[in-house]
Amino acid sequence: MDFFSLAISIVYVLLSLSLLVSLVRVIIGPSLADRVVALDLIAFVVISLIATYAISSGHPVYLDVAIVLALVAFLGTIAFARFIIMRAEKLRKEGTHV
Amino acid sequence: MKSLILHTATRLMIGVLVLFSLFLFFRGHDEPGGGFIGGLVGAGAFTLYAIAFGTEATRKVLRIHPITLIAYGLLSLVVSGLIPMFMAEPFLTGKWLFIEWGAFDTKLSTPLLFDIGVYLCVVGFIVTVIFSLEEE
């Protein structure tokens, strides 16, 4: 096994581990904000997985998928952030604390 | 949403999103890309603008009502299908026109017209859905 494929395999293992750890944070996350940040992190780990696959497969076309995901992934986080703001305002109107 | 970070980032991101959407659109047909994914990324740009500055500002930026965009898209689809019929060929046959300028070649075709229609339809549809969800 040459150095290139060994490095690719190590990167795959490490990225998969970070996906698993982020998934744990999504499941046990104490507050909604923790879960949203963990989902954002998962999106960016997936971007690096796609980039790694583009390198290992030798098809640069896959990089465009990573670019599209990077451009669009944060939209979901922004929408979640606005949802959290709206929920906090609603709870404040009702007089209860989060 | 009132946030200085979001407003500043949106002004920068809009250009990148629209540019990449046009890049995907023009690379289409022979290589990965095309009207549908280009339209999706372009609609993402207007969605980001609508989240950051509100739907009223986005309507002013868009200038055209999104349903009108869908109508122009469908018109483009029908025209791309009708052009081969005037050359005594079946509906939706792909006709190509190669123009050689010397330094670079231009390839015009009815599939390009069809892709423009798909692009306008996708952008119009998604922006319509986003606007009606935002204004609810």
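Attention here is on the structure that accompanies the text.

**Regarding the nonpolar core**
So, point 1. Counting residues in each nonpolar core, the largest one holds 14 residues, and the members touching the most others are Val68(A), Ile78(A), Leu17(B), Phe20(B), Leu24(B), Val41(B) and Leu48(B).
So, point 2. Secondary structure elements with two or more residues in this core: α3 (62-94) of chain A together with α1 (4-27) and α2 (35-53) of chain B.
So, point 3. Not counting residues up to four positions away in its chain, the partners in contact with Leu17(B) are Leu71(A), Val41(B), Gly44(B), Ala45(B) and Leu48(B).
So, point 4. Counting residues in hydrophobic clusters, the runner-up holds eight residues, among them Leu62(B), Tyr119(B), Val123(B) and Phe131(B).

**Thoughts on the packing of aromatic side chains**
All names here are of chain B.
So, point 1. Counting across every chain of the model gives six aromatic pairs over all chains.
So, point 2. Here phenylalanine 25 and phenylalanine 26 contribute two aromatic rings whose centre-to-centre distance is 4.9 Å and whose plane-to-plane angle is 65°, an arrangement assigned as edge-to-face.
So, point 3. With a relative accessible area of 58%, phenylalanine 26 lands in the exposed category.
So, point 4. Ring pairs connect the aromatic residues Phe25, Phe26 and Tyr119, which therefore count as one cluster.

**Structural notes on the interface of chain A and chain B**
So, point 1. Taken together, the contacts link ten residues of chain A with 15 residues of chain B.
So, point 2. In this assembly, chain A packs against chain B so that about 1200 Å² is buried in total across both faces, 83% of it on carbon and sulfur atoms.
So, point 3. Looking at the side of chain A facing chain B, the largest losses of area belong to Leu71(A), Leu75(A) and Arg82(A), adding up to 43% of the total buried there.
So, point 4. For the pair chain A and chain B, the interface holds two salt bridges.
So, point 5. For Arg82(A), the salt bridge identified is with Glu134(B), shortest N-O distance 2.7 Å.
So, point 6. Taken together, chain A and chain B are joined by two residue pairs in polar contact (both at pLDDT 80 or more).
So, point 7. Here the residues of the side of chain A that touches chain B are counted per class, giving eight nonpolar, no polar and two charged.

Conventions adopted
Residues numbered from 1 in each chain as written. Chains lettered and ligands numbered in written order. Predicted model: local features only at pLDDT ≥ 70, side-chain atom pairs only at ≥ 80, totals over all residues. Heavy atoms only, no water. Core = buried A, V, L, I, M, F, W, Y, C linked by side-chain atoms within 4.5 Å. Buried < 20%, exposed > 50% of the residue type's maximum accessible area, 1.4 Å probe, protein only. Helix = DSSP H or I, 4+ residues; strand = E, 2+ residues; numbered from the N terminus. Contact = heavy atoms within 4.5 Å. Phe/Tyr/Trp six-rings, centres within 6.5 Å; stacked < 30°, edge-to-face > 60°. Buried area = accessible area lost by both parts, 1.4 Å probe. Salt bridge = Lys/Arg side-chain N within 4 Å of Asp/Glu carboxyl O. Polar contact = N/O pair within 3.5 Å; in protein donor to acceptor, adjacent residues only side chain to side chain. Nonpolar A, V, L, I, M, F, W, Y, C, P; charged D, E, K, R; others polar.

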